[in-house]
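Here are the chains, one letter per residue:
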Amino acid sequence: MEAGTMSEIAKTIGQRVRNYRIDKGLSQEKLAELSGCHPTYIGQVERGEKNATLESIEKIASAMNVSLAQLFEKIGESSTDSYPMKCYELVAAKSKSEQEHLYKMLVEMDKYKNQ
């Protein structure tokens, strides 16, 4: 990997951490306090700039009451080029309220298509 290139997994995990943090109403500073990590580190993880250790990710996930299974869900699936996986990644990167709105939009679009 070239210097300056972020790994896709770091970006994906970082985006998920940010979404869960926001969904739980936590600031980066509060999450840092709860997880025992530095606020700058939390920001770097969320931007995918840090290749965080599993120990740090576990502390961050635990502070948000999110399981590692949730955080790593569907990462590394072999069929990432499929449209269902692309849709999953798009939706998983959104907040809970955005996910709900996207789902409702899809349901309405599907109803319209079947008329």
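In this text the structure is predicted, and so the values were computed from the model without any measurement.

A.B. asks: Any chance you could break down the environment of Gly-48 for me, citing the residues and the numbers?
C.D. replies: For Gly-48, the position within the fold is in the loop between helix 3 (39-46) and helix 4 (54-63). Taking the relative accessible area as the measure of exposure, Gly-48 reaches 4% and is therefore buried. C-alpha of Gly-48 to C-alpha of Lys-11: the two residues are 37 residues apart in sequence and 4.1 Å apart in space.

A.B. asks: Explain the confidence of the model for the protein to me, using residue names and the numbers behind them.
C.D. replies: Should the pLDDT be low somewhere, the predicted coordinates at that spot are not to be read in detail. Per-chain confidence: the protein averages 85 in pLDDT, with 90% of residues scoring 70 or above. Averaged pLDDT values over the elements of the protein bottom out at 80 in helix 6 (residues 83-92) and peak at 97 in helix 2 (residues 28-35). Note that residues 1-5 has pLDDT below 50 and, in this model, 2 contacts with residues that lie over four places away or in other chains.

A.B. asks: How would you sum up unusual backbone geometry? Please name residues and give values.
C.D. replies: Positive phi is not limited to glycine here, since Asn-65 has a value of about 60°. Along the chain, Asn-65 turns up in the loop between helix 4 and helix 5 (68-72).

A.B. asks: Now, about the nonpolar core: what can you tell me, with residues and values included?
C.D. replies: It is characteristic of soluble globular proteins that their nonpolar side chains tend to be buried jointly. Residues Val-17, Leu-31, Ile-42, Ile-60, Met-64 and Leu-71 are the most contacted members of the largest nonpolar core, which totals 17 residues. Put simply, the parts of the chain that give this core at least two residues each are helix 1 (8-23), helix 2, helix 3 and helix 4. Per-element tally for this core: the top contributor is helix 4, with 4 residues. When neighbours within four sequence positions are excluded, Ile-42 is seen to be in contact with Gln-28, Leu-31, Ala-32, Ser-35, Cys-37 and Ile-60.

A.B. asks: Run through the pattern of salt bridges, naming residues and quoting values.
C.D. replies: Scanning the entire structure with this criterion turns up 8 salt bridges. Across the pair Lys-30 and Glu-33 runs a salt bridge, and its minimum N-O distance is 3.3 Å. With Lys-30 and Glu-33 both in helix 2 and 3 residues apart, the pair spans about one turn of that helix. A network of salt bridges, in which partner residues are shared, links Arg-18, Arg-21 and Glu-46.

Basis of the calculations
Residues numbered from 1 in each chain as written. Predicted model: local features only at pLDDT ≥ 70, side-chain atom pairs only at ≥ 80, totals over all residues. Heavy atoms only, no water. Helix = DSSP H or I, 4+ residues; strand = E, 2+ residues; numbered from the N terminus. Buried < 20%, exposed > 50% of the residue type's maximum accessible area, 1.4 Å probe, protein only. pLDDT = per-residue confidence, 0-100. Contact = heavy atoms within 4.5 Å. Core = buried A, V, L, I, M, F, W, Y, C linked by side-chain atoms within 4.5 Å. Salt bridge = Lys/Arg side-chain N within 4 Å of Asp/Glu carboxyl O.

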